[in-house]
Amino acid sequence: MKNTWSLTKIRILLALRNKTFMFFGLIMPLGFLFFFVLIFGHGRTGWIAYILGAVLAITVMGSFWGLSVQLVMFREQGILRRFRLAPVGAGALLASSIFANYVLILPAVAAEIIICREAFHMVSWGNLWAVFALVSVGAGTFSAFGLIVASVTNTMQETQVINNLLWSAFLFLSGATVPLAVFPVWIQKVALFSPATYLAMGLEASTTGHIGGHELLEELIALSIGLVVAFEISRQLFRWEPEAKVPGKAKLWVIAALVPFLLFGAYESSFGNQLSRIQKHYQMLDRQTSSERAR
Amino acid sequence: MSEPVIRVENLRKSYGTLAALRGVSFEVQAGEVFGLLGPNGAGKTSTIEILEGLRTPDAGVASVAGLDPQTAGLEFKQEVGAVLQSTSLPDKLRVSEALALFTGFYRRRADPELLLRRFQLEEKRQAFYSQLSGGQKQRLALALALVNNPTVLFLDEPTAGLDPQVRREIYDIIEELKQEKKTILLTTHYIEEAERLCDRVAIVDSGKIIAQGTPRELKHSSAGTTRIEVRLAKQVSDGILNSLEGVSDSREFEGVYVLHSTRPPQTIVALVKLLEAESNELQSLEMFSPSLEDVFLELTGRRLRE
């Protein structure tokens with residue numbers, strides 16, 4: 001545990017000294033917030049909380065991207081092999097990546113919430129405890145996905161390709177950019193199989209404060225199981241050496257990390273009520289906007 | 001003799017169809033500096049990385065301080081220190097942070113302040129890794145290898161790519177470690193390094209050890225010949241230099257004729273006579289007492305740097 005803590009501190013320090021991190025970790029998420037509010041929230045204060053939930057989801061999901069790129073870069077530069085010589089296990093190194101990532105997204109998360117409340121006149125703080133829980137578990141889950149990407153890709157180019165594919169799917173099939181409620185039902189059902197949906201749905205419901213924390217249990221359980229499974233897979237597939245290539249078949253382990261979400265998706269699409277909750281939520285926001293405009 | 005600290009028996013390693021190690025065996029005693037000398041691709045790094053626990057051998061036995069590097073895990077890493085041939089640290093990590101971080105991983109810890117002083121990095125303690133020169137990076141690598149006051153130290157090409165002055169600085173540091181009776185396994189392709197630093201040397205070529213002993217023993221095994229290197233105005237026919245008095249072997253490398261002679265004065269007189277008879281001219285002549293380079297040349301027919 002001591003090694004994990006030492007590595008976490010160093011990872012945080014290194015990130016804070018990196019201009020790229022400052023851009024992608026702080027400026028870009030805030031840019032998303034301003035952009036979304038400008039486009040979708042202008043004159044519709046009822047929507048600000050919903051937009052905040054979506055932007056928080058994007059901020060948390062983005063953690064997988066930087067982590068995978070950094071780990072692959074460390075491996076390609078031979079930095080990981082220096083750590084391999086020391087009595088440091090892969091578990092400590094990977095766990096420190098997740099902890100550091102979590103700490104590093106908190107300033108952006110806090111800034112987004114405060115800006116929405118103070119500058120964009122968000123009606124209420126929403127359910128902050130639920131937001132905190134989802135951000136914490138979600139950051140861990142998506143960081144662990146980043147670790148898997150780093151483990152199954154052999155070069156930086158491969159990492160970028162896989163990241164782009166995953167990122168697009170996470171963004172557009174989760175309700176984080178376009179509300180799920182406006183999609184045809186079959187797309188909504190497909191979205192139920194994506195981990196990003198559980199994060200975005202949960203955060204949007206928490207920031208708008210329309211549901212209690214206990215109603216987010218399904219999202220929290222799905223993301224927690226995803227975190228544990230993804231972390232273990234990344235630990236098993238972890239490589240210290242740039243020459244240690246991953247066989248093509250091992251890349252299928254990425255799918256194994258999605259198994260919990262496939263199971264939750266199958267359950268939800270047959271017996272769950274998430275989609276009807278989303279619809280109701282969306283209609284309520286729509287009605288609020290109409291009444292705001294009428295006033 | 002006491003139990004060796006490093007024991008390697010019939011080590012084999014292949015990468016695909018390339019056999020990198022073809023049955024390497026040697027032992028290193030406590031307090032000894034043992035060198036693996038050979039050209040690039042000879043199998044030195046594969047050997048040392050198996051001993052560091054970074055690679056798995058296909059066959060054979062490797063033991064360090066009584067532990068198996070492949071199975072002893074984190075316990076093994078507590079006991080060894082290493083300078084890798086190809087490694088790096090994060091660009092934005094400060095020298096003092098690197099030392100503090102790595103020191104913290106070990107149970108037995110050296111004082112980072114003393115290491116900074118010993119490796120002349122005090123003034124650079126706040127410098128980022130990316131701001132260090134090649135020599136400073138290598139001194140930091142050595143300092144990091146000593147943070148746990150290791151039982152065994154592995155140095156893989158510790159001076160490769162460094163300029164001669166920095167190389168000599170590193171030699172001084174390794175000589176200090178030698179005086180402290182550290183057990184060191186060193187790989188190098190620099191003759192001077194092996195001769196100056198190593199108590200015993202194994203000459204490695206194509207995945208095999210072709211000779212082993214103290215530098216003095218190895219040099220004596222080269223038939224006590226003196227190496228004479230000459231440049232001539234015109235080429236001479238193959239084998240003609242071999243017939244000169246005292247010459248046991250002659251070869252040509254990029255316009256330089258390398259003669260090994262048991263009786264250098266007679267050989268030089270005979271050479272001058274031959275050149276006169278052939279209307280050829282001597283452009284330069286240098287004489288060298290036997291070195292490990294000559295041993296390698298005799299054994300393989302190639303020069304170390306080829």
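Treat the numbers as computed from the prediction; the structure is a model and nothing was measured.

Let's talk about the overall build of chain B
A tally of regular secondary structure across chain B gives 10 helices and 13 strands. On the principal axes, the C-alpha backbone points of chain B span a range of 75 × 45 × 40 Å. In chain B, which comprises 306 residues, the proportion classed as buried is 53%. For chain B, long-range pairs separated by at least 24 residues make up 68% of all intrachain contacts whose partners lie at least 6 apart in sequence.

Observations regarding the pattern of salt bridges
Residues and elements named next belong to chain A. Evaluation of the coordinates by the stated rule reveals 23 salt bridges over all chains. Across the pair Glu241 and Arg84 runs a salt bridge, and its minimum N-O distance is 2.9 Å. With Glu241 in the loop between helix H11 (217–237) and helix H12 (253–271) and Arg84 in helix H5 (residues 79–85), this pair connects stretches of sequence that are 157 residues apart. Judged by its relative accessible area of 7%, Glu241 is buried. Note on Arg84: relative accessible area 16%, which makes it buried.

Section: the packing of aromatic side chains
For any pair of aromatic rings, the description consists of the separation of the ring centres together with the inter-plane angle of the planes. Tallying each qualifying case throughout the model produces 22 aromatic pairs over all chains. Taking the centre distance of 6.4 Å and the plane angle of 65 degrees together, the rings of Phe83 of chain A and Phe105 of chain B count as edge-to-face. Pair noted here: Phe83 of chain A is in helix H5 and Phe105 of chain B is in the loop between helix H3 (95–104) and helix H4 (112–118), and the two residues belong to different chains. The exposure class assigned to Phe83 of chain A is buried, which follows from its relative accessible area of 6%. Taking relative accessible area as the criterion, Phe105 of chain B reaches 4% and is therefore assigned buried.

What to know about the sheet that holds strand S12 (residues 256–261) of chain B
All names here are of chain B. In space, the four strands of this open sheet follow the order S11-S12-S10-S13, with antiparallel pairing throughout. Two strands close off the open sheet at either side, each with one partner strand: strand S11 (247–253) and strand S13 (282–288). Between one strand and the next, the sheet's axes are offset by a mean angle of 20 degrees, whatever the strand orientation. Bridge analysis of strand S10 (residues 226–232) against S12 gives six bridges, and the strand direction is antiparallel. Looking across to S12, one finds that Ile228 is bridged to Leu259. Where helix H10 (residues 292–300) meets the sheet, its contacts fall on S10, S11 and S12, and the angle it forms with S12 comes to roughly 95 degrees.

Structural notes on the pairing of strand S9 (residues 208–213) of chain B
With five bridges connecting them, strand S8 (residues 200–205) of chain B and S9 of chain B associate as antiparallel partners. In the strand pairing of S9 of chain B, Val204 of chain B is matched with Ile209 of chain B.

Quick notes on the sheet that holds strand S5 (residues 80–83) of chain B
Residue and element names in this part refer to chain B. Pairing within the open sheet is mixed, and its six strands lie in the order S5-S6-S7-S3-S8-S9. Unpaired on one side and paired on the other, S5 and S9 mark the two borders of the sheet. Along the sheet, successive strands turn relative to each other by an average axial angle of 15 degrees, direction set aside. Note that strand S3 (residues 33–37) and strand S7 (residues 183–188) share five bridges and pair parallel. Each bridged residue has a counterpart across the sheet, and for Val33 the counterpart in S7 is Ile184. Here helix H1 (residues 44–51) sits on the sheet and contacts S3, strand S6 (152–156) and S7; the angle it forms with S6, its principal contact strand, is near 150 degrees. Of the strands in this sheet, S3, S8 and S9 are in contact with H10, which crosses S8 at around 35 degrees.

Here's the deal with the interface of chain B and chain A
When the parts come together, some accessible area is lost, and that loss is often what is quoted as the size of the interface. In this assembly, 28 residues from chain B lie in contact with 23 residues from chain A. The contact between chain B and chain A buries some 2300 Å² in all, and 61% of this surface belongs to carbon and sulfur atoms. Glu49 of chain B is the salt-bridge partner of Arg81 of chain A, the closest N and O atoms lying 2.9 Å from each other. Among the secondary structure elements, those contributing two or more residues to the side of chain B that touches chain A are helix H2 (73–79), H3 and helix H5 (134–145) of chain B.

Looking at helix H3 (residues 45–61) of chain A
Between the first and last C-alpha of H3 of chain A there are 25 Å, a value that for 17 residues agrees with the 24 Å anticipated at 1.5 Å per step. Across the 17 residues of H3 of chain A, 16 count as buried, placing the element largely inside the fold.

Notes on the confidence of the model for chain A
Averaged over chain A, the pLDDT score is 86; the fraction of residues at 70 or greater is 96%. Averaged pLDDT values for the elements of chain A fall to 75 in helix H13 (residues 274–294) of chain A and rise to 93 in helix H1 (residues 2–16) of chain A.

Things to note about the side chain of Thr207 of chain A
Residues and elements named next belong to chain A. Position of Thr207 relative to the elements: it lies in helix H10 (residues 195–208). For Thr207, the side chain forms a polar contact with the main-chain nitrogen of Gly53, separated by 3.5 Å. Separated by 3.3 Å, the side chain of Thr207 and the backbone oxygen of Glu204 make a polar contact. The contacts of Thr207, once residues within four sequence positions are left out, are Ala49, Tyr50, Leu52, Gly53, Leu56, Trp125, Gly126 and Val131.

Thresholds applied
Residues numbered from 1 in each chain as written. Chains lettered and ligands numbered in written order. Predicted model: local features only at pLDDT ≥ 70, side-chain atom pairs only at ≥ 80, totals over all residues. Heavy atoms only, no water. Helix = DSSP H or I, 4+ residues; strand = E, 2+ residues; numbered from the N terminus. Buried < 20%, exposed > 50% of the residue type's maximum accessible area, 1.4 Å probe, protein only. Contact = heavy atoms within 4.5 Å. Salt bridge = Lys/Arg side-chain N within 4 Å of Asp/Glu carboxyl O. Phe/Tyr/Trp six-rings, centres within 6.5 Å; stacked < 30°, edge-to-face > 60°. Pairing = 2+ DSSP bridges. Axes fitted to C-alpha atoms, helices over the stretch in contact; angles between N-to-C directions. Buried area = accessible area lost by both parts, 1.4 Å probe. Expected span 1.5 Å × (residues − 1). pLDDT = per-residue confidence, 0-100. Polar contact = N/O pair within 3.5 Å; in protein donor to acceptor, adjacent residues only side chain to side chain.

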